[in-house]
Amino acid sequence: GCPAVLGSATPSVESHANALRGKYERLLLPRRSGPQGRPRVEIVDRREVLRAGGDPILSPVLLAALVARFARREQSLVLLNRRGYATSLLCRECGQEAMCPNCSVTLTLHRGGRSALCHYCGHEAKAPTACPSCRGAFLRLTGFGTERVAEAVQAALPGARVDRLDRDRARRRGALAQVLAAFEKGEIDVLVGTQMIAKGHDFPNVTLVGVVDADVGLGIPDFRSAERTFQLLTQVAGRAGRGEAAGEVILQTHMPDHYALGHACEQDYASFFAREMEFRRTMCYPPVAALVNVIVRAADAAKGAAEADGIARTLRASAGGRYRVLGSAHAPLARLRNEHRFQVLLKGSRPAMREAVKAALV
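Residues numbered from 1 in each chain as written. Predicted model: local features only at pLDDT ≥ 70, side-chain atom pairs only at ≥ 80, totals over all residues. Heavy atoms only, no water.

J.: So what exactly am I meant to see when it comes to the overall build of the protein here?
T.: When its secondary structure is counted, the protein shows eleven helices and 14 strands. Counting only C-alpha atoms, the protein reaches 70 × 60 × 45 Å along its principal axes. Residues classed as buried in the protein amount to 46% of the 362 residues present. Of all intrachain contacts in the protein linking residues separated by at least 6 positions in sequence, the fraction that spans at least 24 positions is 69%. Charge centroids of the protein, computed over 51 positive and 35 negative side chains, lie 5 Å from each other. (Helix = DSSP H or I, 4+ residues; strand = E, 2+ residues; numbered from the N terminus. Buried < 20%, exposed > 50% of the residue type's maximum accessible area, 1.4 Å probe, protein only. Contact = heavy atoms within 4.5 Å. Lys, Arg positive; Asp, Glu negative; His and termini not counted. Charge placed at Lys NZ, Arg CZ, Asp CG, Glu CD.)

J.: How do you make sense of the nonpolar core when you look at a structure like this?
T.: Generally speaking, a soluble globular protein has its nonpolar side chains buried in company with each other. Counting 37 residues, the largest nonpolar core has Leu77, Phe183, Leu191, Val209, Val211 and Leu233 as its most contacted members. Of all the elements in the fold, those that place two or more residues in this core are helix H1 (13-21), strand E2 (75-79), helix H6 (175-184), strand E10 (206-211), helix H7 (225-237), strand E11 (248-253), helix H8 (259-266) and helix H9 (269-283). Residue contributions to this core peak at six residues, all from H7. When sequence neighbours within four positions are dropped, the list of residues in contact with Leu233 reads Val211, Ala214, Leu251, Leu261 and Ala264. By size, the runner-up hydrophobic cluster in this structure holds 22 residues, among which are Leu58, Val78, Ala150 and Leu157. (Core = buried A, V, L, I, M, F, W, Y, C linked by side-chain atoms within 4.5 Å.)

J.: Would you explain the packing of H7 against H8 in this entry?
T.: Packed helices, taken two at a time, are described by their axes: the angle between them and the distance between them. Here H7 crosses H8 at 25°, and the two axes come no closer than 9 Å. Between H7 and H8, the angle falls in the class roughly parallel. H8 is crossed by H7, and the crossing has right-handed handedness. Packed against H7, whose contacting residues are Ala226, Thr229, Phe230, Leu233 and Thr234, the element H8 presents Tyr259, Ala260, Leu261, His263 and Ala264 at the interface. Counted by class, the contact of H7 with H8 contains seven nonpolar, three polar and no charged residues. (Axes fitted to C-alpha atoms, helices over the stretch in contact; angles between N-to-C directions. Parallel < 35°, antiparallel > 145°, perpendicular 65-115°, else oblique. Left-handed = near helix turned anticlockwise from the far one by under 90°. Nonpolar A, V, L, I, M, F, W, Y, C, P; charged D, E, K, R; others polar.)

J.: It is not clear to me how the layout of surface pockets should be interpreted in this structure. Could you clarify?
T.: Any empty space left between the atoms is revealed when a probe the size of a water molecule rolls over them. Quantified by volume, the largest pocket comes out at close to 1,800 Å³. In this structure, the largest pocket is lined by 45 residues; those nearest its centre are Tyr120, Val216, Gly217, Ile220 and Pro221. The biggest single contributor to the lining of the largest pocket is H7, with six residues. When its residues are assigned to classes, the lining of the largest pocket shows 21 nonpolar, 15 polar and nine charged. As a volume, the second largest pocket reaches approximately 1,500 Å³. (1 Å grid on protein atoms, 1.4 Å probe; cavity = no way out; pocket = protein on both sides within 12 Å on 5 of 7 lines; lining within 4 Å. Points joined across faces, edges and corners; volume = space filled by probe spheres on them.)

J.: Mind showing me how you'd approach the sheet that holds strand E12 (residues 290-298) here?
T.: For sheets, the rule is that strands pair by backbone hydrogen bonds, running either parallel or antiparallel. One open sheet accounts for three strands, arranged E12-E14-E13; its pairing is antiparallel. Each of the sheet's edge strands pairs with one partner strand only, and the pair in question is E12 and strand E13 (323-336). Taken over all neighbouring pairs, the strand axes of this sheet differ in orientation by 20° on average, direction set aside. When E13 meets strand E14 (residues 339-348), the two strands line up antiparallel, connected through eight bridges. In the strand pairing of E14, Tyr323 is matched with Gly348. (Pairing = 2+ DSSP bridges.)

J.: How do you make sense of a positive patch on the surface when you look at a structure like this?
T.: Taken together, the side chains of Arg21, Lys23, Arg350 and Arg354 make up a positively charged region of the molecular surface. Following the sequence through the fold, Arg354 ends up in helix H11 (residues 350-360). (Patch = residues over 30% accessible without salt bridge, like charges linked within 9 Å, V, L, I, M, F, W, Y side chains within 5 Å. Areas by Shrake-Rupley, 256 points an atom, 1.4 Å probe, with all protein chains shown as cover. Salt bridge = Lys/Arg side-chain N within 4 Å of Asp/Glu carboxyl O.)

J.: Where do I start with the packing of H8 against H9 in this structure?
T.: Interhelical geometry of H8 versus H9 gives an angle of 165° and a closest axis separation of 9 Å. Viewed along their axes, H8 and H9 adopt a mutual orientation that is roughly antiparallel. Of the two possible hands of crossing, H8 and H9 adopt the one that is left-handed. For the pair H8 and H9, the contacting residues are Tyr259, Ala260 and His263 in the first and Ser271, Phe272, Arg275 and Glu276 in the second. Class assignment for the residues of the contact of H8 with H9 results in three nonpolar, two polar and two charged.

J.: How do you make sense of the sheet that holds E2 when you look at a structure like this?
T.: Pairing within the open sheet is parallel, and its six strands lie in the order E1-E11-E10-E2-E9-E8. Taken across any chain shown, the strands that pair with only one partner, and hence form the sheet edges, are strand E1 (40-45) and strand E8 (162-165). Going from strand to strand, the sheet's axes swing by 20° on average, the running direction of each strand aside. As paired elements, E2 and E10 share five bridges and run parallel to each other. Note on E10: the bridge partner recorded for Val78 is Gly210. Its contacts with the sheet place H7 against E2, E10 and E11, and it is angled at close to 155° to E10.

J.: Would you take a moment to explain unusual backbone geometry for this structure?
T.: The phi angle of most residues is negative, glycine excepted, and most peptide bonds adopt the trans form. Residues Pro286 and Pro287 are joined by a peptide bond in cis, for which omega reads 10°. Within the secondary structure, Pro287 sits in the loop between H9 and E12. Cis geometry marks the peptide bond from Gly327 to Ser328; its omega dihedral reads 20°. The residue Ser328 is located in strand E13 in this model. Located in the positive-phi region is Arg135, a residue other than glycine, with phi close to 65°. Tracing the backbone shows Arg135 in the loop between strand E6 (124-126) and strand E7 (139-142). Non-glycine residue Gln267 carries a positive phi angle of around 50°. Within the fold, Gln267 resides in the loop between H8 and H9.

Next comes the structure, spelled out in structure tokens:
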């Protein structure tokens, strides 16, 4: 008999669909608190910036806004939902990237590019000085994370107090509370971070939010990628202009026409939900249908593939039109911690799929 309250400016598509169906009672707060209302949002096309030879991290628009806020002693948040210094180390002779020996992912460079780390298994090594594949010496750091962004902001604003907040920084005991307290007291002018800085904070002196790369989450092989991007951008935009001064948000993107970004700029959840539901209905994704994903892990790739194929055949034989079977296929992360991964995806009726999977795994 205890009521549960789910509160969010950006509820999941499934939760909102439940509210519209009457499964949940829907209560709305149609206006933002505070005197300023919604912040002004500007989209910067990074393709045009790069074609003009501009900085890949700080566009002229974002840089000018940061300089103006620092001059007025106002605070800024800079979001990039990717930690580390560089996303990979590329050999310019053979084209190979430095890969994790245990997982099918590239190593992320940390500590100014001196350390190579896998964000999945934790493997860490000194950054190679020669290509592991061809022994070539011409290696190049590609991409960038929060470490590199903080460095770029500090170089652009030499007198500013710049700090960083991401999982690497917060891992140290007490660091999270310490950085947030310092920012709240005005001891930090610009705070660079991942999604940790995007939600739930109330800093009245923050008048600028800059998003370095708003597309980071859109390339993830997950049907919820647009939803999560919309949620993150809407939430971080809400950090600007919570006090007496008006707020501004600058989104840098290679995909300025993507609907998730457009609706996030307007903070228009209803329009995003309607557009996203078109995609979900077309592809038969939740909340239109239920999904079950069966993951097979094996040290031997051939054995794992054969096991996944067998499960898929068994599930198809018992489907009877109640669900659809996709696969087997390599999982998006095909190797993790020295295990090969395969998946069989089911779409359809949840009770029928549950019983079929139980029977197939006996």
